[in-house]
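Remarks on the overall topology
So the chains spell out like this:
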Amino acid sequence: MKKIWLLIVFVCVLSACSDNERSNKNPYIPNYPVNLSVDMNLPAYSNLKFVSNGVIVPNFGAKGIIIFNAGSNYTAFDAACPNQEINSCVAMTIDGINAVCSCDKEQYSLFTGLGKKEYPLKQYKVEVIGSVIHVYN
């Protein structure tokens, strides 16, 4: 009986361990290498200094990169609609604190990347050093 309890505890401990990063596996969006730096002192990115503001940086990832000031941190997502074929939609748009897909008008939170459909936004890693935001994978 004691061995069974130890086995149950061991299995519970293993299942509690997880990677903190959300899975970025999405059959619609290829894994493009991303290495982008933006300086918030430049006029095009200056609104990133303020909470709940975002910008789309074209020509990176599949359809561009959305960078968003989430208050305590910055988030970065691919601007491709996560639940549509890559060539079927234009880049997402920013509407307040959400990204909106041009095909199905689905909204995704720029704080979490979550929407109501199967796949969330494809997320990238973000590092901030001074006024420079570095987005990479």
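Since the structure is predicted, the reported quantities are computational estimates derived from the model, not experimental observations.

1. Considering the environment of Ser88
Position of Ser88 relative to the elements: it lies in the loop between strand E4 (74-78) and strand E5 (93-95). Ser88 gets classed as partly exposed once you look at its relative accessible area, which sits at 42%. Of the polar contacts made by the side chain of Ser88, one reaches the backbone oxygen of Glu85; its length is 2.7 Å.

2. Some details on empty space enclosed by the protein
Gaps left between atoms show up when a probe the size of a water molecule is rolled over them. According to the stated counting rule, one finds one cavity of 30 Å³ or more in the structure shown. What the largest cavity holds in volume is close to 30 Å³. Forming the boundary of the largest cavity are Lys63, Ala80, Cys81, Gln84, Glu85, Ile86, Cys89 and Val90. Among the residues making up the lining of the largest cavity, the classes are represented as five nonpolar, one polar and two charged.

3. Digging into the side chain of Glu106
Among the structural elements, Glu106 can be located in the loop between strand E6 (98-100) and strand E7 (107-109). Buried charge without a salt bridge: Glu106, with Lys117 as the nearest opposite-charge side chain at an N-O distance of 4.9 Å. A distance of 2.9 Å separates the side chain of Glu106 from the backbone nitrogen of Lys116, its partner in a polar contact. With residues near it in sequence (within four places) discarded, Glu106 still touches Ala99, Val100, Cys101, Gly115, Lys116 and Lys117.

4. As for the state of the cysteines
This structure, assessed with the given rule, holds two disulfides. Each disulfide pairs two cysteine sulfurs, and for Cys81 the partner residue is Cys101, the sulfurs being separated by 2.1 Å. Measuring handedness by torsion sign, the sulfur bridge of Cys81 and Cys101 sits at about 110° and is right-handed. Of this pair, Cys81 sits in the loop between E4 and E5 while Cys101 sits in the loop between E6 and E7, placing them 20 residues apart in sequence. With a relative accessible area of 5%, Cys81 lands in the buried category. At a sulfur-sulfur separation of 1.7 Å, the disulfide partner of Cys89 is Cys103. Here Cys89 and Cys103 share a disulfide; its torsion about the S-S bond, -125°, makes the bridge left-handed.

5. As for the pairing of strand E8 (residues 123-129)
Examined bridge by bridge, E4 and E8 share two bridges and lie antiparallel to one another. Within E8, the residue paired with Phe77 across the bridge is Gln123. Across five bridges, E8 lies against strand E9 (residues 132-136) in antiparallel orientation. Paired with Glu127 across the bridge in E9 is His134. Between the end of E8 and the start of E9, which pair antiparallel, lie two residues, with Gly130 showing a positive phi angle near 65°.

6. Considerations on the packing of aromatic side chains
The geometry of an aromatic ring pair is captured by the separation of the ring centres together with the interplanar angle, meaning the angle of the planes. Going through the model one piece at a time under the given rule, you end up with two aromatic pairs. Ring centres of Tyr28 and Tyr119 lie 6.1 Å apart, and the angle between their planes is 85°; on these two criteria the pair is classed as edge-to-face. Pair noted here: Tyr28 is in the loop between helix H1 (2-16) and strand E1 (35-39) and Tyr119 is in the loop between E7 and E8, with a separation of 91 residues, a long-range link.

7. Here we look at unusual backbone geometry
One non-glycine residue, Ser52, lies in the positive phi region at around 70°. Along the chain, Ser52 falls in the loop between E1 and strand E2 (54-57). With a phi angle near 70°, Asn59 is a residue other than glycine that sits in the positive phi range. Mapped onto the elements, Asn59 comes out in the loop between E2 and strand E3 (65-69). Overall, the relative accessible area of 75% leaves Asn59 in the exposed class.

Cut-offs applied
- Residues numbered from 1 in each chain as written.
- Predicted model: local features only at pLDDT ≥ 70, side-chain atom pairs only at ≥ 80, totals over all residues.
- Heavy atoms only, no water.
- Helix = DSSP H or I, 4+ residues; strand = E, 2+ residues; numbered from the N terminus.
- Buried < 20%, exposed > 50% of the residue type's maximum accessible area, 1.4 Å probe, protein only.
- Polar contact = N/O pair within 3.5 Å; in protein donor to acceptor, adjacent residues only side chain to side chain.
- 1 Å grid on protein atoms, 1.4 Å probe; cavity = no way out; pocket = protein on both sides within 12 Å on 5 of 7 lines; lining within 4 Å.
- Points joined across faces, edges and corners; volume = space filled by probe spheres on them.
- Nonpolar A, V, L, I, M, F, W, Y, C, P; charged D, E, K, R; others polar.
- Lys, Arg positive; Asp, Glu negative; His and termini not counted.
- Salt bridge = Lys/Arg side-chain N within 4 Å of Asp/Glu carboxyl O.
- Contact = heavy atoms within 4.5 Å.
- Disulfide = S-S within 2.5 Å.
- Pairing = 2+ DSSP bridges.
- Phe/Tyr/Trp six-rings, centres within 6.5 Å; stacked < 30°, edge-to-face > 60°.

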